[in-house]
Amino acid sequence: MVTEINNLQPYAEAASASLAQAGPDWLNLFRKRAWDGFAANGFPTTRHEEWKYTNVRPIVEGTFSSAISGKCYASQVESLIGSEGIRLVFVNGLFDIGASSVAELPNGLTISSLKDVLAKNSNLVKPHLANYASFEDDMFVALNTATFVDGAFIHVSASQAIETPIFIVNITEDGSAAQVRNLIVLEQNAQATVVEAFLSDGDKSSFTNAVTEIVLADGAHLNHTKTQVEGLSANHIAYQVIEQAKSSVFDSQNICFGASLARTTIYARLGAERIECTVDGLYCVNGRQHVDNHTAIDHAFPNCNSFELYKGVMDGKSTGVFNGKIFVRQDAQKTDSKQTNQNILLSEEATINTKPQLEIFADDVRCTHGATVGHLDSAALFYLRARGIGEAEARSMLIHAFANEVLERIKPEHLRVAMEQILNDKLAG
């Protein structure tokens, strides 16, 4: 069941038409298949089970452009991620070399605009690009595949450990739409830390649609953080797919504080033995914000571990969704998997719809899942108040203690401090 493509249609059709023959033949084939599927099916509605609690009409009825203002965002980027590290900055989905810092790279690290790679040597990305993010199953992935222009390409050579954090910063401007496409590849035994940060600029409605494909070869280790702090006029859709090989490690944090409507889908396929996958998240929303987190971890082979902890803080009339799925296939014996979703409602009008799920087809496994929804601990609040701490400060202390289990795992120190400050600001508001 789909909605009619209306206000967004001219933008999408123009973008698709301009790109139809702009790339290598193999990519053009993907684009055509993706666009045909999107044009035939359109956007999901709340009648679709996976979108039951998330209405995308603000996106469907939005009027967006891809024009770029030319504004300099260097200071805004630095305030969030600091001045150190390697960074690629994209404005409305297009590479901004002036705000980026990719001049001096460690040995074994290749970083480039995806547009440049496709123009100069598309064989570097052909084995992976559009091979993991399924545009048949998700119409936002289909729209992205058909219309993306640029994004980040990160490649770490075998046995290389990149100590410097790599930042991909995406800024969507007033009234604009950004189709962001990223490809991150770590070869055998490679290690890296990558941060995807999403910001917006302006008070008019904007639309960010990001797809990130992550490929980890045998023994590779990626620490990945996604932070979304867009403004309250923004609409944010993101899809991450992780393909893991033997003995690889994926360690991630998904932080959502911004946007009017935000949804992040994470799908991890554990495609060999002895894999570890950690998918943690924190969302804090207020007012009339809506946040939706969908995750799926697919255990296809034995002797793999996955851990998932999502925490939510809901205030005002905000609404939230958590839908986490863990699949344990018949051959995936000796699986160890834990999934937890914990939520604090700070007002009587905040709502959370949580649905942790396990689908187990193996018998020698250790799997747990659960969800909690409640208010701040009144006994703990009374204890702090009895020791002379004001109510607002006591509430803030309890919320920080609740959120810190996720925030403390963010690797770049400056980014962790920035996220704590944004959390402070939201609580104060």
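Predicted, not measured: the structure shown is a model, and the values here were computed from it.

Sorry if this is basic, but what is going on with the overall build of the protein here?
Assigned secondary structure in the protein consists of 9 helices and 21 strands. Scaling as 2.2 N^0.38, a compact globule of 429 residues should have a C-alpha radius of gyration of about 22 Å, and the protein matches this with 21 Å. C-alpha extents for the protein along the principal axes are approximately 70 × 50 × 50 Å. Expressed as a percentage of its 429 residues, the buried residues of the protein come to 56%. Once local pairs closer than 6 in sequence are excluded, the contacts in the protein between residues at least 24 apart make up 84%. Carbon together with sulfur atoms contributes 48% to the accessible area of the protein, which is approximately 17400 Å² in total.

Hey, could you run me through the sheet that holds strand E5 (residues 109–113) in this one?
Judged by pairing direction, the sheet is mixed, and its 9 strands sit side by side in the order E5-E6-E8-E10-E12-E14-E16-E18-E20 without closing on themselves. Where the open sheet ends on each side, the last strands, each with one partner, are E5 and strand E20 (351–360). The sheet shows a mean angle of 5° between the axes of neighbouring strands, taken without regard to direction. The pairing of strand E12 (residues 234–244) with strand E14 (residues 261–270) spans 10 bridges and is parallel. Opposite isoleucine 237, over in E14, you have arginine 263 as the bridge partner.

Even after reading the chapter, I still don't get helix H6 (residues 139–147), so can you show me in this structure?
Think of an α-helix as turning once every 3.6 residues; residues three or four places apart then point the same way. The element H6 is extensively covered by neighbouring structure, given that 9 of its 9 residues are classed as buried. Among the residues making up H6, those that are buried are Met139, Phe140, Val141, Ala142, Leu143, Asn144, Thr145, Ala146 and Thr147. The opening residue of H6, the one whose side-chain oxygen lies 2.9 Å from the backbone nitrogen of phenylalanine 140, is aspartate 138.

Is there a simple way to explain the side chain of histidine 290 in this structure?
Assignment of secondary structure puts histidine 290 in strand E16 (residues 290–299). Taking relative accessible area as the criterion, histidine 290 reaches 11% and is therefore assigned buried. A polar contact is formed between the side chain of histidine 290 and the side chain of threonine 54, at a distance of 2.9 Å. Those residues in contact with histidine 290 that sit more than four places away from it in its chain are Tyr53, Thr54, Ser260, Leu261, Ala262, Thr319 and Val321.

Looking at this structure, I do not really get unusual backbone geometry. What am I missing?
Most peptide bonds adopt trans geometry, and most residues besides glycine take a negative phi value. If you check the backbone angles, asparagine 92 has positive phi at about 55° while not being a glycine. The residue asparagine 92 is located in the loop between strand E3 (86–91) and strand E4 (94–95) in this model. We note that alanine 259 has phi near 75°; this positive angle belongs to a residue other than glycine. In this structure, alanine 259 sits in the loop between strand E13 (249–256) and E14.

In this structure, what is going on with the packing of helix H2 (residues 25–41) against H6? I would like to understand it.
Relative orientation and spacing of two packed helices are given, respectively, by the angle between their axes and the distance between those axes. At a minimum axis separation of 8 Å, H2 and H6 run at an interaxial angle of 135°. When the axis of H2 is compared with that of H6, the two are oblique. Read as a crossing pair, H2 and H6 show a hand that is left-handed. In contact with Phe30, Arg31, Ala34, Trp35, Gly37, Phe38 and Asn41 of H2, H6 contributes Met139, Ala142, Leu143, Thr145, Ala146 and Thr147. Partitioned by chemical class, the residues of the contact of H2 with H6 number 8 nonpolar, 4 polar and 1 charged.

What exactly am I supposed to notice about the pairing of E13 here?
Every other side chain in a regular strand lies on the same face of the sheet, so the side chains alternate between the two faces. The element E13 is largely enclosed, with a buried count of 7 among its 8 residues. Relative to E13, strand E11 (residues 221–228) is paired through 8 bridges, and the arrangement is parallel. Each bridged residue has a counterpart across the sheet, and for lysine 226 the counterpart in E13 is asparagine 254. With 8 bridges connecting them, E13 and strand E15 (residues 276–285) associate as parallel partners. Paired with isoleucine 255 across the bridge in E15 is leucine 282.

Any chance you could explain the sheet that holds E13 here in plain terms?
Within a sheet, neighbouring strands are paired by backbone hydrogen bonds and run either parallel or antiparallel to one another. Reading across the sheet, the 10 strands line up as E4-E3-E7-E9-E11-E13-E15-E17-E19-E21 and stay open at both edges, with mixed pairing between neighbours. Strands at the two margins of the open sheet, each flanked by one partner only, are E4 and strand E21 (365–374). Helix-sheet contacts for helix H4 (residues 74–81) involve E3, strand E7 (166–173) and strand E9 (191–201), and the interaxial angle to E9 is about 130°. Sitting on the sheet, helix H8 (residues 391–407) is in contact with E13, E15, strand E17 (305–314) and strand E19 (335–345), with an inclination near 150° to E17.

Calculation rules
- Residues numbered from 1 in each chain as written.
- Predicted model: local features only at pLDDT ≥ 70, side-chain atom pairs only at ≥ 80, totals over all residues.
- Heavy atoms only, no water.
- Helix = DSSP H or I, 4+ residues; strand = E, 2+ residues; numbered from the N terminus.
- Rg over C-alpha atoms; globule rule 2.2 N^0.38 Å.
- Buried < 20%, exposed > 50% of the residue type's maximum accessible area, 1.4 Å probe, protein only.
- Contact = heavy atoms within 4.5 Å.
- Areas by Shrake-Rupley, 256 points an atom, 1.4 Å probe, with all protein chains shown as cover.
- Pairing = 2+ DSSP bridges.
- Axes fitted to C-alpha atoms, helices over the stretch in contact; angles between N-to-C directions.
- Polar contact = N/O pair within 3.5 Å; in protein donor to acceptor, adjacent residues only side chain to side chain.
- Parallel < 35°, antiparallel > 145°, perpendicular 65-115°, else oblique.
- Left-handed = near helix turned anticlockwise from the far one by under 90°.
- Nonpolar A, V, L, I, M, F, W, Y, C, P; charged D, E, K, R; others polar.

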